[in-house]
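Geometric and topological summary
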Amino acid sequence: MNGYPEYMRESLKKVAATRPKRLELAKKGLKNFLKPMTAEEREEVLSKYHPDYHKEARKKIRIGPNKGELLTSKVVDVLESHPRINPDEIELGEPDYDTDVLIIGGGGAGCMAAIWARMNGAKVVIATKLRLGDANSMMSQGGMQAAVNPHDSPTIHYLDAMGGGHFDNKPELVKVLTSEAPMITKFLMELGVMWDRTPDGHLQTKPGGGTSRRRLLSARDYTGAEIMRVLRDEVRNHPEDITVLEYLPAVELVLDDEGKCAGALLFHMETGEYVLVRAKTTIIATGGFGRLHIAGFPTTNHYGATMDGVVLAYRAGAKLLYMDSVQFHPTGAAYPPQILGFLITEKIRGFGGQPVNKDGELFVYPLEPRDVEASAFIRECAEGRGIKTPDGHVGIWLDSPIIELLNGPGTIEKAFPAMLRQYRRFGIDIREEPMLVYPTLHYQNGGIEINEWGETNVPNLLVAGEVSGGVHGRNRLMGNSILDYNVFGRRAGIRAAELAKKTKIGKLTLDHVRRYEEELREAGIKTKRVAPILLPEYRNLKILQKHRKEFDPFLPAGL
Amino acid sequence: MDTQIEEKLIPIYILSKKYYVPEGSTIITAMEYAGFKLKKGVGCREGFCGACASLYRLPGDYKLHGGLACQTVVQPEMQIVQIPFAPAEKKVYNIDELTPDIEPFKKYYPEVFRCVSCNTCTKICPQELEVMDYIQAVIRGDLELAVDLSFDCIMCGLCSVRCPAEMPQHLIAILARRLYGKYMMPRAEFLEKRIKEVEEGKFEEEFARFMSMSRDELKKLYYERDINFDIT
Ligand SMILES: Cc1cc2nc3c(=O)[nH]c(=O)nc-3n(C[C@H](O)[C@H](O)[C@H](O)COP(=O)(O)OP(=O)(O)OC[C@H]3O[C@@H](n4cnc5c(N)ncnc54)[C@H](O)[C@@H]3O)c2cc1C
């Protein structure tokens, strides 16, 4: 696989031909020539082209705490599924682990919560699906928002986040998010996170989509990896207080006879064994839902991003917020096919990279909030100004060579080593040629509703990170989710440790799972689907039909 | 779902059994095509998490190659095995009590000094990092270079599996980076000031004002706000 196919050459030439002119505009300030959209223009492009506005995008959920609400159709399907377990076959006897705080999900939110729960005196168990840190948190590239410059402030950050979220965000959560950002920046720095600095030693800050100031802190384009590997290392520095259970996803919460959350049932995916963890408080930190491939989109998310936490919490009675809204990242790779849907960080545009159509023309302000930017890309392609790929996809160009012209030679190698490496593997040098991009499924905007301390309406059940809802309204801005998992991971950890001290667990039960089955029956929902999904299905269908069902807990419904 | 490739099938060996898989597949998608449900040896699928390190050999080539299964395209007659994780002992330390020099390495990873400069680690690194050079930098106490060269490490651990001196390079590297990030990078002076401002309630009044606004008032304020990337 080497480089772009021949037939794309003509379009690539046009991109190169318009580059000098575009460079000139960029130097004078692109926003003076290509104005950001007004509120009306935004609404127009969103309503016509954003996948959330498609007439089949949403449907009514028939059971559970949000019964009657319109949610994303795929989310409804997953929630209206049978449990993986039959409660009558499970004995809730002596627990395999007994702890103060159980954290489900070992990504950024889970690790941050573990560190802070421990600092507040709790014994912690982290149960995670794959390895600790095999998570969306490891993958973020662009950066984290924090108002750390004199001409910026937490309140300006607040305004940007509210506007980005279409003013649906829960204000008290956004206040916490933006006010604690500087403190989090410092906390991570003291753990050893290497935030990029300017040549004179200041924290380097870059603009991001929907920000009105330079506010993105980064660590090259391995920001997520840098933070995640530090948090993971720190978690592993406390084996006496934090027990890490890998390859053991939770399949159901366990409650006690007073309705408090009291731990979870884990499932060993290879041996089929169930593991019972009893905990005084439980934190769900299972991340997002990219692997549901909503509306058929490819995704940027890691393999385990299957919305499990939402399923578990919903069955236990937790309320969801904004599960009707999905974030599509404007710049997913459209070519080569091996990296279809992979993320091209927004920081490329932060450094001056420009989206252009097949004729090399600019058509949208590069740093609109994500939903607006993505919709504008979809419109450009729908109107015939995109480039088709050999395998039937379509995209527009993201001009990266202009970055070197704007910021000096060597910038890409220094600031975007991951992107450079990713494309080089397939014979494309992004210093010389642009990238072909199209929106990709990226982020779960909504989730389980929380308060400022990560608490839900289910006693002793807390939630942090991407799986929560309310912080970002219906559209998260870049850089606010790394911040989110740190701010609310920390808070959930602190509160869970406090609550654990006052908690006495009663008799364990799975009655809520029985009730859920009953609700399904009463609502007349007939389905073979089971959830949580745990791992998405990518096997070859022909071969799957030959599999023996009794050996395969993952066979898709209907096979 | 990750890939949609025209189906020309080529033979590969997964754990010594022959399978025909679509040309252009990555090792991950090839294994799935062959019917495997991957429950380990797979993570982000985008080259960032280091969960899918794999070893392979090609016909007529004596070399043992390493790669990430999600990033490596299969070739005819390739023999593949996955290394879901590299056994290695991460040492427990209190980062607040260490000094940013050679001492912590002497104490926690003394095997680093056993490096024989064979460069096997560099050759196997799927990120194409100069692993041996960063290990040598650690030995010289040049943390800055060690950190710079190891920064893009995704901690798959292939280096540690191949090392004749049997050291965990990836764990040594993260200790180096944490020390450097904590003790040797410039202090962010304004940050302290900002944290203080927040603690002293400097923004409370404005927060209260914003939070008491109606949706329309806030919307107006938002669309009229000054967007300025020239100042910091
Ligand atoms: C490619 C990419 C780039 C991004 N770039 C940025 C960026 O530049 N800036 C920014 O702010 N944000 C970015 N984001 C978003 C951000 O990284 C995530 O939203 C955030 O890291 C989520 O953290 P989390 O801890 O909530 O979830 P995750 O980090 O995804 O962790 C969840 C963990 O829970 C585990 N889990 C799932 N189900 C179960 C179960 N049933 N039982 C046990 N464990 C389970 C998962 O395996 C995983 O380990 C990016 C995301 C992606 C995918």
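Residues numbered from 1 in each chain as written. Chains lettered and ligands numbered in written order. Predicted model: local features only at pLDDT ≥ 70, side-chain atom pairs only at ≥ 80, totals over all residues. Heavy atoms only, no water.

Before going further, it helps to spend a moment on the overall build of chain B. On a plain count of helices and strands, chain B comes out with 10 helices and five strands. Judged by the C-alpha coordinates and their principal axes, chain B covers about 70 × 50 × 30 Å. Intrachain contacts of chain B at a sequence separation of at least 6 include 57% that bridge at least 24 residues. Carbon and sulfur atoms make up 50% of the accessible area of chain B, which totals about 10,800 Å². Positive and negative charge centroids in chain B, built from 30 and 35 side chains respectively, lie 6 Å apart. (Helix = DSSP H or I, 4+ residues; strand = E, 2+ residues; numbered from the N terminus. Contact = heavy atoms within 4.5 Å. Areas by Shrake-Rupley, 256 points an atom, 1.4 Å probe, with all protein chains shown as cover. Lys, Arg positive; Asp, Glu negative; His and termini not counted. Charge placed at Lys NZ, Arg CZ, Asp CG, Glu CD.)

Turning next to the domain arrangement of chain A. All names here are of chain A. In terms of domain boundaries, chain A breaks down into domain 1 (6-35 + 328-440) and domain 2 (82-325 + 445-509). Contacts between domain 1 and domain 2 engage 26 residues on the former and 23 residues on the latter. Summed over both sides, the interface of domain 1 with domain 2 buries roughly 2,000 Å², with 60% coming from carbon and sulfur. Looking only at domain 1, the three residues that lose the most surface to domain 2 are Phe328, Lys347 and Arg370, adding up to 25% of its buried area. One can count zero salt bridges joining domain 1 with domain 2. One can count 12 residue pairs in polar contact (both at pLDDT 80 or more) joining domain 1 with domain 2. (Domains from an automatic or database assignment. Buried area = accessible area lost by both parts, 1.4 Å probe. Salt bridge = Lys/Arg side-chain N within 4 Å of Asp/Glu carboxyl O. Polar contact = N/O pair within 3.5 Å; in protein donor to acceptor, adjacent residues only side chain to side chain.)

Before going further, it helps to spend a moment on the site of the ligand. Residue and element names in this part refer to chain A. Taken together, 40 residues lie around the ligand, and Ala109, Ser137, Gly143, Glu466 and Ser481 are the ones closest in. Gly108 places a polar main-chain atom, nitrogen or oxygen, 3.2 Å from an oxygen atom of the ligand. Within the backbone of Ala109, a nitrogen or oxygen atom sits 2.8 Å from an oxygen atom of the ligand. Burial of the ligand by the protein chains amounts to 99% of its free accessible area of 1,000 Å². Among the elements of the structure, α4 (108-119), α5 (136-139), β16 (435-444) and α16 (480-502) are those that each provide at least two residues to the shell around the ligand. Per-element tally for the shell around the ligand: the top contributor is α16, with four residues. Tallied by class, residues from the shell around the ligand come to 13 nonpolar, 22 polar and five charged. (Near = heavy atom within 4 Å. Nonpolar A, V, L, I, M, F, W, Y, C, P; charged D, E, K, R; others polar.)

Residue and element names in this part refer to chain A. Read across the sheet, three strands follow the order β11-β17-β19 without closing on themselves; strand pairing throughout is mixed. Single-partner strands in this sheet number two, and they are β11 (320-321) and β19 (468-469). Where β11 lies against strand β17 (residues 447-449), two bridges are found, and the strand directions are antiparallel. Residue pairing in the sheet places Leu320 in a bridge with Ile448 of β17. (Pairing = 2+ DSSP bridges.)

Taken together, the side chains of Arg57(B), Lys63(B), Lys123(B) and Arg162(B) present a region of like positive charge at the surface. One can find Lys63(B) in the loop between β3 (53-57) and β4 (65-68). (Patch = residues over 30% accessible without salt bridge, like charges linked within 9 Å, V, L, I, M, F, W, Y side chains within 5 Å.)

Okay, helix α8 (residues 189-199) of chain B next. For α8(B), the complete set of buried residues consists of Phe190(B), Leu191(B), Arg194(B), Ile195(B) and Glu197(B). The buried side chains of α8(B) occupy one side of the element, clustering within an arc of 160 degrees when seen end-on. For α8(B), the exposed residues set more than 90 degrees away from the buried face come down to Glu189(B), Lys193(B) and Glu199(B). Of the surrounding secondary structure, the elements contacted by the buried residues of α8(B) are α6 (154-164) and α8 (181-191) of chain A. (Buried < 20%, exposed > 50% of the residue type's maximum accessible area, 1.4 Å probe, protein only. Arc of directions from axis to C-beta.)

Here the focus is the packing of aromatic side chains. Using the criterion set out here, one finds 16 aromatic pairs over all chains in the structure. For the pair Tyr93(B) and Tyr108(B), a centre-to-centre distance of 5.6 Å together with 55 degrees between the ring planes defines the contact as tilted. Here Tyr93(B) is found in the loop between β5 (78-82) and α2 (103-108), whereas its partner Tyr108(B) is found in helix α2, with 15 residues between them in sequence. Across the pair, exposure class does not vary: Tyr93(B) and Tyr108(B) are buried alike. The ring centre of Tyr443(A) lies 3.9 Å from the NZ or CZ of Arg476(A), which sits over that ring. (Phe/Tyr/Trp six-rings, centres within 6.5 Å; stacked < 30°, edge-to-face > 60°. Lys NZ or Arg CZ within 6 Å of the ring centre and 35° of its normal.)

All right, on to the domain arrangement of chain B then. All names here are of chain B. By the assigned domains, chain B splits into domain 1 (9-82), domain 2 (95-184) and domain 3 (194-219). Taking the mean C-alpha position of each, domain 1 and domain 2 sit 28 Å from one another. Contacts between the two partners involve 12 residues from domain 1, matched on the other side by seven residues from domain 2. Here domain 1 packs against domain 2, burying approximately 700 Å² in sum over the two surfaces, 73% of which is carbon and sulfur. The interface formed by domain 1 and domain 2 holds zero salt bridges in total. One can count zero residue pairs in polar contact (both at pLDDT 80 or more) joining domain 1 with domain 2. Of all the secondary structure elements, the ones that give two or more residues to the side of domain 1 that touches domain 2 are β3 and β4. Broken down by element, the side of domain 1 that touches domain 2 gets its largest block of residues, four residues, from β4. Each residue belonging to the side of domain 1 that touches domain 2 can be placed in one class, and the counts come to six nonpolar, six polar and no charged.

This part takes up the interface of chain A and chain B. Taken together, the contact pairs 106 residues of chain A with 81 residues of chain B. Counting the surface chain A buries against chain B, the share from its top three residues, Phe167(A), Met194(A) and Arg229(A), is 8%. Our count for the contact surface shared by chain A and chain B stands at 16 salt bridges. Between Asp168(A) and Arg215(B) there is a salt bridge, with the nearest N and O atoms lying 2.7 Å from each other. Inspection of the region where chain A meets chain B yields 50 residue pairs in polar contact (both at pLDDT 80 or more). Of all the elements in the fold, those that place two or more residues in the side of chain A that touches chain B are α2 (39-49), α5, α6, α7 (171-179), α8, α9 (223-235) and α15 (417-424) of chain A.

Hydrogen bonds along the backbone pair up the strands of a sheet, which may run parallel or antiparallel. Residue and element names in this part refer to chain B. Read from one edge of the open sheet, five strands run β2-β1-β5-β3-β4, paired in mixed fashion. Lying at the two open borders of the sheet, with one neighbouring strand each, are β2 (17-22) and β4. Each strand axis lies, on average, 35 degrees off the axis of its neighbour in the sheet, ignoring direction. As paired strands, strand β1 (residues 9-14) and β2 are joined by six bridges and run antiparallel to one another. Counterpart to Tyr13 in the pairing with β2 is Lys18. (Axes fitted to C-alpha atoms, helices over the stretch in contact; angles between N-to-C directions.)

Moving on: the pairing of strand β3 (residues 97-104) of chain A. Residue and element names in this part refer to chain A. Burial runs high along β3: six of the eight residues are buried. Two strands pair when backbone bridges link them, and β3 and strand β4 (residues 124-127) are joined in this way by four bridges, in the parallel orientation. Bridge pairing links Ile104 to Ala127 in β4.

Turning our eyes to something else, we now look at unusual backbone geometry. The omega angle of the peptide bond from Tyr335(A) to Pro336(A) is -5 degrees, so this bond is cis rather than trans. Counting through the fold element by element, Pro336(A) comes out in the loop between β12 (326-333) and α11 (347-350). A cis amide bond links Ala531(A) to the next residue, Pro532(A), at an omega of 0 degrees. Within the element layout of this structure, Pro532(A) appears in the loop between α17 (511-522) and α18 (541-544). For Tyr322(A), which is not glycine, the phi dihedral falls at a positive 60 degrees. Note that Tyr322(A) resides in the loop between β11 and β12. A residue is classified by how much of its surface remains accessible, and Tyr322(A), at 16% relative accessible area, is buried. Its identity as a non-glycine residue notwithstanding, Glu77(B) has a phi of 70 degrees, on the positive side.

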